[in-house]
Every structure is written in C-alpha cells, then in structure tokens.
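One-letter residues, chain by chain:
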Amino acid sequence: MLGKWSLLFSHMCSSSSSLLLLWTLVGLDVVEVSGSQPGIPLSVVKLWASAFGGEIKSISAKYSGSQLLQKDLWAITAPRPGTNSSSEPGSPVKGRINPKNAACLAAWEESGGIRGSPRKHGESFQTAYRKRLLGPNLGPPCTEKYKEPEKSVRVEEIDGVKLVKNLALKLEEVFWKKAEATRRLVEAAEEAHHQHEDNPDLQYEYFNAVLINEVDEEGNNVELGGEFLLEPNDHFNNLSVNLSLSVVQVPTNMYNKDPDIVNGVYWSEALNKVFVDNFERDPTLIWQYFGSAKGFFRQYPGVKWHPDEHGVIGFDCRNRKWYIQAATSPKDVVILIDVSGSMKGLRLTIARQTVSSILDTLGDDDFFNVIAYNQEIHYVEPCLNGTLVRADRTNKDHFREHLKKLFAKGIGLLGVALAEAFTILNEFNQTGRGSLCSQAIMLVTDGATEMYDDVFEKYNWPERKVRIFPYLIGRESAFADNLKWMACANKGYFSQISTLADVQENVMRYLHVMSRPKVIDHEHDTVWTEAYVDSALSQAHKLKDKSGPSLMTTVAMPVFSTKNETKNQGILLGVAGTDIPLQELMKLIPKHMLGIHGYAFAITNNGYILMHPDLRPLYQDGKKRRKPNYSSVDLSEVEWEDKDDILRNAMVKRRTGTFSMEVKKTVDGGRRVLKMHNDYFYTDIKGTPFSVGVALSRGHGKYFFRGNVSVEAGLRDLEQPDVALADEWTYCNTEEQHEHRHLTQIQAIKMFMTGRRTHLKCDRELIQEVLFDAVVTAPLEAYWTGLALNKSENSDKGVEIAFLGTRAGLSRTNLFVPADQLSNQDFLTAEEKEGVFNADHFPLWYKRAAEQVPGAFVYSIPFSTALENKSVVLASTAIQLLDDRKSPIVAAVGIQMKLEFFQRKFWTACRQCTALDGKCGISCDSADINCYLIDNNAFILVTEEPSQTGLFFGEVEGAVMNKLLQMGSFKRSETQHHISLSPKLIH
C-alpha cells in the first residue's frame, strides 16, 4: 500500500483571476476538482501517483528492511497446532515458518551460529538463524536441540491501576530519601547554632562564592576569596565544583562582613560534614543548601558564582519559593497602599517597590489583593473587587503592571481602607476559601494621624486573628508612634523605609513574625515546590548547557533556634533544602509499559504540574517561547480537553481512580497533531503533596508483550556496534552508588545478567525485553551491511541512513554514506530532541508511523533541516507483533533520504503520460503549471520553488488549501493549551 500523499497541481491562467485545476490523491483515493479550462487528465495523475508512490515505497521498504523484520516477528508468533490463545492468532499465516519451530526466526542472511561466519551453501535462513538463537555452538540441527518455551511471546493488557500504584511507590521512596537528607541538615544546623554564642567582634574568613579564586592587581588572593579547588563534574551540569566544601553567597546589597552574617556563616560551617555525608549516602543528590534568615546562602558542592554585566547577582534566598513556603504558613494578605497627595514623587516610587517586594514573598499557597486608597478605595485590579486571588506568578505579575498606573492625589482615609480589608479577609475565610490559616494586612503609607482603635475593636479584637504590618515610607517620624501602636496591638511588626535600598531587608522582617507560631510549636513541616527553573541561580552559575537550565522541584524544612533563652521568641534561623531534578523522577517511569503515546505525570495539591511531557518550551509560529521559570503551570493548561477539570480535581483531592477522554497531542514543534483516546489512572504519593497519573492510549497502547530469549544470545546481540539504548531510560540504576557511575547501561546490564554485580538495581523485566529485541532485530545488521557492500545499490547515495527503534528503547542504525557526508548530521542525536527516545516520549518518526496502517510509510521533512538548506526526507513505518489490527506496535523502521533524491524521483514520475506517442500535452514541466507534493499534515515536500519546501501548503496556495478543507481531504484541528500554541493544525 502507498503511504499517505496529497498531490496538488495548480493551473495558473494568464488572466487576472486564477482558475485552479486540482487533483488530490490520498492513498489510492483520487478526487478531481476542475476549473473551466482543460487540464491534466485524471488518468495521468493516477499514473504519476502510482509510479512515484510505488517506487518510493519500494525504496523505503528495501533499505529500511521493514518487510524482513515484519516477517521475522510473524514467524515467532505463528501459532502451534492445537493452541487457541488470545496472544496467538487462531490460524497460521500463509508462508510462515513451520509452527513447530515458531520461536526460531526466519531470515538471517549473512551469518550462522557465530557472528561473521557465512551461511552454508544450501542452508536455509531459518536454520541458520535458529543456530544464532541457541548460542555460539553450532551443535545439532535446531529441531533436535531446541526446546521451545511454553510461550516464547505473550501479549498482555496493561493494568493501569497497578501500574500507577507501583510508580507512586517508587516516587515515594525517592522523595523520602531526599526529605531525610534535608532533615539531617536541619538537625545539624539547629545543634550547631545551639552550641554557638554570638560574638559581635568575630572575625572569620570564609569562602565567598563570588570572590573565590579571585586575585588583586598584585596576584594575591582577595579577601574572603582564597584558593578553592574546582573540578568539572557531569553530575552538576558539567560545572566545576568542590565536593568537599560549600561556598557562601551574600546578596549584593548586603555587607559581606556584617556581624550577623559572619556569626551565621561561622556556626553553619558544621553543615559541610553533613553535606558530604548526604552525598555519599545518596549519590543522586544534587544541590544541598541552607538559606539563612540573615540573607546569606550556603551551597554544596562549592561552585563559583558570576555577577551579571552590572556586577549584580539577583539572588536572595529569602525570596525563593522554597524558602517562603517553608518559613511561613499559608496566609491571606490584603495590601493597602496610600495614594494620597502626600505620597507624590519618590515616596510613591518606594511604595510601589515595597508592594512589589511583598508580592515576592508570597507563594502559591497564599492569597492576596492590593487596594489603593485616598479619599476613596481603589482596587488595583477592578475586576477582583472584594475577593482574594492565589499568589501565583501570573497573578503577581498582573498586579505589578497595575501598580505602575497609580498616582497620588487627595487625602487619605485610612479607616475606611482598614475596614474594607478586614471585611474581605473575614468574608473570604467564612466561605472556606483561601489559606484557612494566617491572615495579615500590609499597610504602606507615609503616616497615620490616629490609631483607629475603633476599627480594630470592631473587626479584630480580642482574637487578633489578623496581623498588621505597617511600612512607614519616608524619613519623617512624626506619625511613626501611631503605626507602631497598630503593629503591637495586632501582633504585627513596624518598619520604616527611607530609600529604595531599604526596601528588601525591611519587607523580609514580617516573615519572622509570621513564622513564630511554627517556631514556637517546633513544626518542622516538609514543603515541596512545583516544577520550576531558578533563572537567577542559573545565571549566577553560568550554565552553558544547550538545553538550558533543568527543571527541578525542591524539598525544604525550616530551621529554628532551640536555645532555651529564645525558644519562646520563635526565632527562625533559616531554611534547609535540596533540589531534585525532574529528569531523575522521569527515569523511574516504565516507558516501555506506557507505550508509544502513553506518559506519566504528577501534580501538586494546588493542581500545578510537577512533571508532564508537555511541560516544555512554548511554541508559536514554530519558534520557542518561554514561560517564566516554567512555574505555576496548571494541569488544566495541558490536559485542556478536560473542560470540567474532573481529572485535575480528583488528583488535587488525592484520590485514586480512572478517567478517559479524547485528546489531541501536538508534535514536531507544535506543527502536527495526533488524535487519540486516553485512559487515565491516578493516585497520591504518600508523604508528599503530590499525586501521580499515567495516560494510556487506547488500541495498541493498551497492550504490551513479553518475549523470551537466552541471556547469552541477547547479550551478544546487544553489544554490537550498531546498537544503542535510550539515554534517558533506566535499565540499571548506575547513579545510586559511586562505583557504578562510570558504567554505560549496556555494561551494567551485562554485569547484572551475568551475576557479576548482583547489588546493581536493574529492571529485569525491561532488560529481558531489550534482549529479546536485540536478538529479533539482529538480522537487520547483516541485511543493511549487505546493501551497503553491494556496489550496484544506492550508487547515487540518495539513501543515507537506515534506522530502527523498538518499544524497549533499543535503536539500530546503519550509514550508507560516510558520517561526514550526511545531509543532516543531527538526526538520531541528542541535538534533535524529538528524533530520539527521551525519558518522556518516543521519537517523532516512531509516533507518526504508529498511527498509520502497519506497512504504510509516513514521510516528512524535519523542520530544523528545511530552514538550514540541508533538507532530507524521513520515511518510517510501524512493525506490529501479530497479523492483527489490535496488535501491539513493537518497533518502527525507516530511512533518511536526500531531499534532492526524493524530489528527482517525483519529477521523473511526473514526466510519464498515457498518450500513444509518448508525448505529454501538458505536464509539470509546463511553464503555467505549479506542481506540489505535500505530506499528510499539508506541509510541502516537493515544489519547483526551493524556498517553499517545508512550508505549510496554505501559506503558498491558500485558496487551494481551503478547497481541500471543504472537500474533506483535510480537517482543521485546533489546540488550545499554551505549551504548544498551534492554532491551525491540519491532519
């Protein structure tokens, strides 16, 4: 059968209007739409399609080896006489191997029992390959030696509930280990502080993260610098680090030798030993740290920090989400900002910055609103009158934009504003919304003429549930006493801010007050963040990874003073934490069980994504866009087809259950869309605020199969040079112990399966599957080699690469041209993310092939190469286990062709005609005819204008594209989620 094509021909007339003559061929179905003038006969179009489609499919099948591999698999699964199993067809397929020897593969062309030895004259492919399955010794014939297992292959339906519960247990174990490492840091920090006596005159030289290895003009180490040994380490983004010591970062606006800083740095040196011990216990740990309430940040392993071009490092640990969440309980906050006439000029500028800094201290568990007041009340966002909103990044940024619009005039009626703030907090709390915990009013003003005790008596006394935090703007202190009284009478804290430089430190002080209940009760709550990228930290580390800084989650715990004399004061010392890269969590996902389109995901108790395959860069017009820090992405933004949030709400409530819906998934940078029906299975992860889910696509995605071969045969074929395993899949965990870090996955598999490293943690089931795949696909190596060595084949080097991928993450490749002559050298490398197996997805060519009828090839031009004028065409097809439409798709094979080669075949086919004299009256060579070949998503593969290659057909021939849509040859498919913005996808 031909692959899916659409051949479009546009007949351009010389008149001012264009009369279009269009033929569309999809598979073998031809539809004619004609204009008023005669054009190319339909029979000629069919001839061209048949000639080109037949030849290009023949080339694709020949060089990919698809028919060979498909026959081999069907040979294995041919039923034995007398069997009637759901995993085996009811009747043998004509031409297959004798069912008695069903497990012996048919077709080993180049070698017998030992790799490299030729097949004997007259010996069948089946006999030669049976010897290969049985091991290196030739021995007696297969029928005498081979004892077929009870089932060499069996198909099973995936149990989604069991699958998601097992995944939850694995994730729970990882999270528990990270939390325990953090708990050890907390205990060590509290003990070290307990033993320390503050000394205001303490002099102590420490390793400052910015100053280490810096020298002055005379070549001497600068103060707080010193020589600090750094060595590159791939575990830490290839940064140069020191695994024995930590470094200390102090915010740019703070004094490095402030007595509070020096004392805190001195006693926290005790954490170095715990940092190192934690890393030895769990080598998967990355950054560990302690963020002090005084502002300094101790980080392990030690690494040099780099200021930006202005000499500034925009990092204050106390502003980080993990610090805020650990230091305080969830809170509802109303911010009142005075915009009376006395606030003009610098005061209003300082007030805006103060409000912005307060917003920085609010996290996703907090709720807030901002009200400006003079003689009237003005909600900064009028649409949110009388309510509170979640303090996620989007909402906070939105309010910051509105702060710029404030201007000062009139008189200030603070009493009315306070009454409004108390009313909002009370009504919001009574509805059961919000944090249901702490409440506060932040008052930003240049003074108060009275104490407003009548307002407090009406709304807040005697319980004093709402804390008041006044911020006096300006140097004058005439009205400071009234504001101080408000703070003391309502369990708050007073601060005066005279300059912009004072804002940060003064705003931070309220956190200590809000944390007192937790400190006094000694509540070491463990907090977890949703997925995020700390851009400020990445900049300071000068990360050079092309993929950019990695997504992570953080586990954090508060550190309290345990000294007897300060216990009742509730002193927060800081927050200890460690990062967990999402890549580590993704390695736990059993991708081979989820299938081609299946995936796992996890969310927080706020509905924000922890991990999801769509938590990636945004695309618009085919170009990457970036959601700031990738944080605060809600599940409803990526699983947008769930209009009623049924899945999201169930997972937020930490339930266990199932859900199903029709979905559209965009691929290829948001340019293509796949439609499928997903079944979702979800449950909670104990000891964390997270819930995890898996999505399985119906059809072939609901089934998997288990194959069985000897370990000896499997390892032999696995170690061949043309074999590779998915980089981001975990066959064996080589990260848990330092002694295994140097091992490749194939080396680890061999040691584990041969018993040389029994303490390695490996997925035996996955390994068995990949060994099976290695044996079954081994004939392709010799087949491809034979084609490459045959000088009469591929003489013009139009076919460059043949490739294979299996559902167990195994890949095979064969180059038909030298590597340095490849048109696209990034294909099948990490440089082209969508073309390789990743932790969260199968290759694009695999996914697209799986949605076609097995045996039909799907063709495309990689967009990255089309833009660089080194275009190639990829052709791929799926391989199924059984001769059954419901069978699992177990592999995909394909080839990479030069675009010029592909196009030449097309133009040659289009010069044929049905006239008796062999002459064509009209063809693609005619000056007034434009010919196009487009793929099944309407992207141009062949055109007479090279610059149009790879473009969406509608951009070139909009009227014709609209006609195709009207005819039903294509359908418009719109996606709505923000991760891949593709408003006009065609399938």
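Residues numbered from 1 in each chain as written. Predicted model: local features only at pLDDT ≥ 70, side-chain atom pairs only at ≥ 80, totals over all residues. Heavy atoms only, no water.

A. Quick look at the state of the cysteines. This structure, assessed with the given rule, holds one disulfide. Between the sulfur of C732 and that of C762 lies a disulfide, 2.0 Å long from S to S. Disulfide C732 to C762: torsion about the S-S bond roughly 110°, handedness right-handed. Taken as a pair, C732 in strand β30 (residues 732-733) and C762 in strand β31 (residues 761-762) lie far apart in primary sequence, 30 residues in all. The pair C732 / C762 is uniform in exposure class, with both members buried. (Disulfide = S-S within 2.5 Å. Helix = DSSP H or I, 4+ residues; strand = E, 2+ residues; numbered from the N terminus. Buried < 20%, exposed > 50% of the residue type's maximum accessible area, 1.4 Å probe, protein only.)

B. Representation of the packing of aromatic side chains in the model. Here the structure, examined in full by the defined rule, presents 45 aromatic pairs. Each ring, one from Y289 and one from F297, has its centre 5.3 Å from the other, and the planes form 40°; the classification is tilted. Take Y289 and F297: they sit in the same class, and that class is buried. Here Y932 and F953 contribute two aromatic rings whose centre-to-centre distance is 5.2 Å and whose plane-to-plane angle is 75°, an arrangement assigned as edge-to-face. Taken together, the residues Y932 in strand β37 (residues 929-934) and F953 in helix α27 (residues 953-956) connect sequence positions 21 residues apart. Grouping residues by exposure puts Y932 and F953 together as buried. The rings of W729, Y731, F803, F837, F842, W845 and Y846 are connected pair by pair, giving a single aromatic cluster. (Phe/Tyr/Trp six-rings, centres within 6.5 Å; stacked < 30°, edge-to-face > 60°.)

C. Summary view of helix α2 (residues 66-76). Counting buried positions along α2 yields nine of 11 residues, so the element is predominantly enclosed. Looking at α2, one finds that the buried residues are S66, L68, L69, Q70, D72, L73, W74, A75 and I76.

D. Quick look at the sheet that holds strand β8 (residues 288-292). The six strands are arranged β7-β9-β8-β20-β19-β18 in an open sheet whose pairing can be described as antiparallel. Edge strands, defined here as strands with exactly one partner in the open sheet, are β7 (247-249) and β18 (527-528). Here helix α5 (residues 160-195) sits on the sheet in contact with β8, β18, β19 (552-560) and β20 (572-581), set at roughly 30° to β19. (Pairing = 2+ DSSP bridges. Contact = heavy atoms within 4.5 Å. Axes fitted to C-alpha atoms, helices over the stretch in contact; angles between N-to-C directions.)

E. Structural context of the packing of helix α9 (residues 346-360) against helix α10 (residues 393-403). One way to put it is that α9 packs onto α10 with a least axis distance of 11 Å and a crossing angle of 175°. By the angle class used here, α9 and α10 are roughly antiparallel. Counted together, R352, V355, S356, L359 and D360 of α9 and K396, F399, R400 and L403 of α10 form the full contact between these two elements. When the residues that make up the contact of α9 with α10 are grouped by side-chain class, the tally is four nonpolar, one polar and four charged. (Parallel < 35°, antiparallel > 145°, perpendicular 65-115°, else oblique. Nonpolar A, V, L, I, M, F, W, Y, C, P; charged D, E, K, R; others polar.)

F. Examining unusual backbone geometry more closely. Across the junction of Y300 and P301, the peptide omega takes the value -5°, indicating a cis bond. With respect to the helices and strands, the residue P301 is situated in the loop between β9 (297-300) and β10 (302-303). A cis amide bond links W461 with the next residue in sequence, P462, at an omega value of 5°. Located in the positive-phi region is N238, a residue other than glycine, with phi close to 60°. Inspection of the secondary structure puts N238 in the loop between β5 (231-233) and β6 (239-242). Phi at Y452 is positive, roughly 55°, even though this residue is not glycine. For Y452, the location among the structural elements is in the loop between β15 (438-445) and α12 (453-459).

G. How the structure looks around the nonpolar core. In terms of nonpolar packing, the biggest core is built from 108 residues, with F175, W322, L582, L585 and Y680 touching the most fellow members. The biggest single contributor to this core is α5, with 14 residues. Counting contributing residues per domain, this core is built from domain 1 (167-306 + 542-581) and domain 3 (597-613 + 632-702), each supplying no fewer than three. With sequence-adjacent residues up to four places away left out, W322 is seen in contact with Y289, G291, F297, C317, V527, T529, Y532, T554, A556 and V575. With 92 residues, the next largest nonpolar core counts I767, I801, F837 and F906 among its residues. (Core = buried A, V, L, I, M, F, W, Y, C linked by side-chain atoms within 4.5 Å. Domains from an automatic or database assignment.)

H. Molecular detail of the pattern of salt bridges. For the coordinates displayed, the defined rule picks out 37 salt bridges. The shortest N-O distance in the salt bridge between R347 and E476 comes to 3.6 Å. Residue R347 is found in helix α9, and its partner E476 is found in the loop between β16 (466-473) and α13 (480-489); the two are separated by 129 residues along the sequence. On the accessibility criterion, R347 (22% relative accessible area) is partly exposed. R807 serves as the salt-bridge partner of E769, at 2.3 Å between the closest nitrogen and oxygen. In this pair, E769 sits in helix α22 (residues 764-776) while R807 sits in the loop between β32 (799-806) and β33 (810-815), placing the two residues 38 residues apart along the sequence. Each member of the salt-bridge network shares a partner with another, and the members are R154, E156, R706 and E765. (Salt bridge = Lys/Arg side-chain N within 4 Å of Asp/Glu carboxyl O.)

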